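# Fold and contact review
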Amino acid sequence: MTQAAFPPLIAVDIGNSRIKVGRFAGERDQAGLPIPSHVLELSASSFDPASLTDSFAAAQAGTGTTAEWWIASVNRAPTEQLTAWLKERAFDEFDSSKRHERGASVGSSERSGYCLLKHLDLPLAVELPQPDRVGIDRLLGAVAANQVRAAGRAAVVVGVGTAITVDLVSPAGAFLGGAILPGIGISARAMHDFTDRLPLVTMEELADPPPALGTSTIEAMRSGLYWGALGAMKELIARLAGSKGALASPSESREIFLTGGAAPVVAQFLDPGAKLIPHLVLGGIALVAE
């Protein structure tokens with residue numbers, strides 16, 4: 001990102017449970033993926049835009065400060081709250097294809113605006129019949145994976161959040177699809193809500209891997225939730241990596257990237273070569289905004 005041409009940007013990843021807001025000012029990791037200088041995580045269910053700190057509430061147009069907000073969302077309600085909040089502060093919505101026109105016509109010290117990302121905005125081939133129906137967070141994970149994966153190697157992107165997603169990116173960099181299954185928290189809630197006596201297991205209880213052999217009901221639930229989710233991810237990684245003739249040797253010809261709020265809980269057991277990148281989706285947004 002060239003700061004002389006474009007101001008620091010604020011990337012927003014609005015998920016079903018959590019909202020991540022990251023400020024980018026040009027820093028990158030060794031693979032070239034943009035790194036946020038500051039990240040704020042908020043609850044989507046109780047989101048109040050006023051809770052955004054001064055570092056994100058980059059001021060109104062005409063005050064000498066700059067701000068561009070790039071928003072990826074799979075959750076409409078908090079998105080509407082955020083865009084209304086931005087409009088109140090004189091941020092205008094713009095199309096991503098008009099970014100360079102804006103750079104030529106608007107002084108960098110006066111620019112402020114926001115862009116709601118769509119699949120057509122992304123530098124990504126999506127080899128699916130309905131690409132517009134794919135979660136933008138999944139596609140942005142693929143955009144980021146294309147930046148950090150080795151040339152000629154496929155990538156499996158695993159997102160461990162409200163839902164668990166396991167997606168395949170071809171050696172040529174195309175998004176091929178994947179699988180979606182209930183996240184650990186959803187599964188825990190379902191067991192509690194749809195039974196008479198099973199307690200609710202919290203994510204805090206699974207911060208450390210539980211014993212596989214549960215000697216009480218709660219221990220058995222913890223085992224099933226943790227190792228069941230981990231087993232499902234491992235099986236999907238193995239099967240997806242060999243699908244559609246994408247790989248000749250799945251164990252040697254693909255890279256695994258792991259992200260999402262619950263990713264650190266399972267990272268150590270998923271695959272020895274899996275790379276945990278907490279800011280994968282935010283980094284993908286920043287790549288699109290360049």
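Owing to the predicted nature of the structure, the values given are computational and were not obtained by experimental measurement.

Okay, the pattern of salt bridges next. Side-chain pairs of opposite charge can arise whenever the charged atoms involved come near each other. Following the criterion strictly, the structure yields ten salt bridges and no others. In this structure, Arg222 engages Glu205 in a salt bridge whose closest nitrogen and oxygen atoms are separated by 2.5 Å. You can see Arg222 sitting in helix H5 (residues 217-241) and its partner Glu205 sitting in the loop between helix H4 (184-193) and H5, a full 17 residues away along the chain. Classification of Arg222 by relative accessible area gives partly exposed; the value is 24%.

Strand order in the open sheet formed by six strands is S3-S2-S1-S4-S6-S5, and the pairing between neighbours is mixed. The sheet is open, and its two edges are formed by strand S3 (38-43) and strand S5 (92-93), each paired on a single side. Strands in contact with helix H7 (residues 280-289) are strand S1 (9-14), strand S2 (18-24), S3 and strand S4 (67-73); relative to S1, the strand with the most contacts, it is inclined by about 135°.

Of all seven residues making up strand S8 (residues 163-169), six are buried, and the element is well covered by its neighbours. By the bridge criterion, six bridges tie strand S7 (residues 154-160) to S8 in an arrangement that is antiparallel. In the strand pairing of S8, Ala155 is matched with Val169. Connecting the antiparallel pair S7 and S8 is a turn made up of two residues. For S8 and strand S9 (residues 175-182), the ladder comprises seven bridges, and the chain directions are antiparallel.

Reading the values: rules and limits
Residues numbered from 1 in each chain as written. Predicted model: local features only at pLDDT ≥ 70, side-chain atom pairs only at ≥ 80, totals over all residues. Heavy atoms only, no water. Salt bridge = Lys/Arg side-chain N within 4 Å of Asp/Glu carboxyl O. Helix = DSSP H or I, 4+ residues; strand = E, 2+ residues; numbered from the N terminus. Buried < 20%, exposed > 50% of the residue type's maximum accessible area, 1.4 Å probe, protein only. Pairing = 2+ DSSP bridges. Contact = heavy atoms within 4.5 Å. Axes fitted to C-alpha atoms, helices over the stretch in contact; angles between N-to-C directions.

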